[in-house]
Amino acid sequence: SEGMESGFGSDFGSGGGGGGKLDPGLIMEQVKVQIAVANAQELLQRMTDKCFRKCIGKPGGSLDNSEQVRAGGATGNPRPPRSGRPLRLCVLQKCIAMCMDRYMDSWNTVSRAYNSRLQRERANM
Amino acid sequence: RGDRGGTPEGHRGGSGDVMDPPSGAGLGGADPQLQRFIEVETQKQRFQQLVHQMTELCWEKCMDKPGPKLDSRAETCFVNCVERFIDTSQFILNRLEQTQKSKSAFSESLSD
């Protein structure tokens, strides 16, 4: 889809400046992997930042000892569980998991919207 | 839809507009395949970086409490946010070009 079929893997060294030492196809492939890794790291970093802010109120000694962020930004513990199981850990994990999913949804929405705008701009030129 | 400043978008190359196509000149040397690759990947990365940036910004404005799904109000907010961000970016770029062209000092134009 990017028009780089020639010299991509099947012709070692033929697409380069000479010699079989540097395979441009291999280099390009490695670069693409590096870029994908970098993007994943970027996404992870921002997602962690946002979901920490949304879910963790007052940090405790561990995740299950941390207070959850309540609506309106107030921190506090949820109702104590009826059974002996630690409710806080489940609630925080659920908050973080939900936040992660919503962040991905948001990312995809933004990506689509930006792409649409780009195409609209190109069509208007 | 806003002051475009008379300068065509996307043809300036390298001035930093989010709509600009990349200029791969000088990179990749004599190998056209490598040069093309760099152009394409650079373009893709600029896109990705902006999506990262806008998602972060628009999350602050549009997401109150993450729920089981992205509701339509939040989704609309994200779409509007992207559009307005790009409008803002274009406006800033165009106005900066104008103020530089008119040769007035930058600090003078700030007091408009």
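What counts and how
- Residues numbered from 1 in each chain as written.
- Chains lettered and ligands numbered in written order.
- Predicted model: local features only at pLDDT ≥ 70, side-chain atom pairs only at ≥ 80, totals over all residues.
- Heavy atoms only, no water.
- UniProt positions renumbered as here; feature names shortened; annotations may be inferred.
- Helix = DSSP H or I, 4+ residues; strand = E, 2+ residues; numbered from the N terminus.
- Buried < 20%, exposed > 50% of the residue type's maximum accessible area, 1.4 Å probe, protein only.
- Areas by Shrake-Rupley, 256 points an atom, 1.4 Å probe, with all protein chains shown as cover.
- Expected span 1.5 Å × (residues − 1).
- Polar contact = N/O pair within 3.5 Å; in protein donor to acceptor, adjacent residues only side chain to side chain.

An unreviewed UniProt entry lists chain B under the name Mitochondrial import inner membrane translocase subunit, from Onychorhynchus coronatus. Reading the Subunit (unreviewed entry) entry of the UniProt record for chain B gives the comment "Heterohexamer." According to the UniProt record, the Sequence similarities (unreviewed entry) comment for chain B reads "Belongs to the small Tim family."

Named according to an unreviewed UniProt entry, chain A is Mitochondrial import inner membrane translocase subunit originating from Onychorhynchus coronatus. The UniProt entry for chain A carries the following text under Subunit (unreviewed entry): "Heterohexamer." You can read under Sequence similarities (unreviewed entry) in the UniProt record for chain A the words "Belongs to the small Tim family."

Our focus in this paragraph is the overall build of chain B. Across its full length, chain B holds three helices and zero strands. Secondary structure elements in chain B, listed N-terminal to C-terminal, are α-α-α. Evaluated residue by residue, chain B yields a buried proportion of 35% over its 112 residues. Accessible surface computed for chain B: about 6700 Å², of which carbon and sulfur atoms make up 57%.

Think of an α-helix as turning once every 3.6 residues; residues three or four places apart then point the same way. Residue and element names in this part refer to chain A. A rise of 1.5 Å per residue sets the reference length of helix H1 (residues 24–55), with its 32 residues, at 46 Å; its end C-alpha atoms lie 46 Å apart and thus fit the reference within 8%. Among all positions in H1, only Pro24, Gly25, Met28, Ile35, Asn39, Glu42, Leu43, Arg46, Met47, Lys50, Cys51 and Cys55 are buried. With a side-chain oxygen positioned 3.1 Å from the backbone nitrogen of Gly25, the residue opening H1 is Asp23.

All right, on to helix H2 (residues 72–101) of chain B then. Helix length check: H2 of chain B, at 30 residues, gives a terminal C-alpha distance of 43 Å against a target of 44 Å (1.5 Å per residue), a fit within 8%. Of all the positions in H2 of chain B, only Ala74, Phe78, Cys81, Val82, Glu83, Ile86, Ser89, Gln90, Leu93, Asn94, Glu97 and Thr99 of chain B are classed as buried.

UniProt's entry tags residues 37–98 of chain B with the feature "domain: Tim10-like" (unreviewed entry), counted in the numbering of this structure. Counted over residues 37–98 of chain B, helix gives 85% and strand 0%. Its end C-alpha atoms are 34 Å apart.

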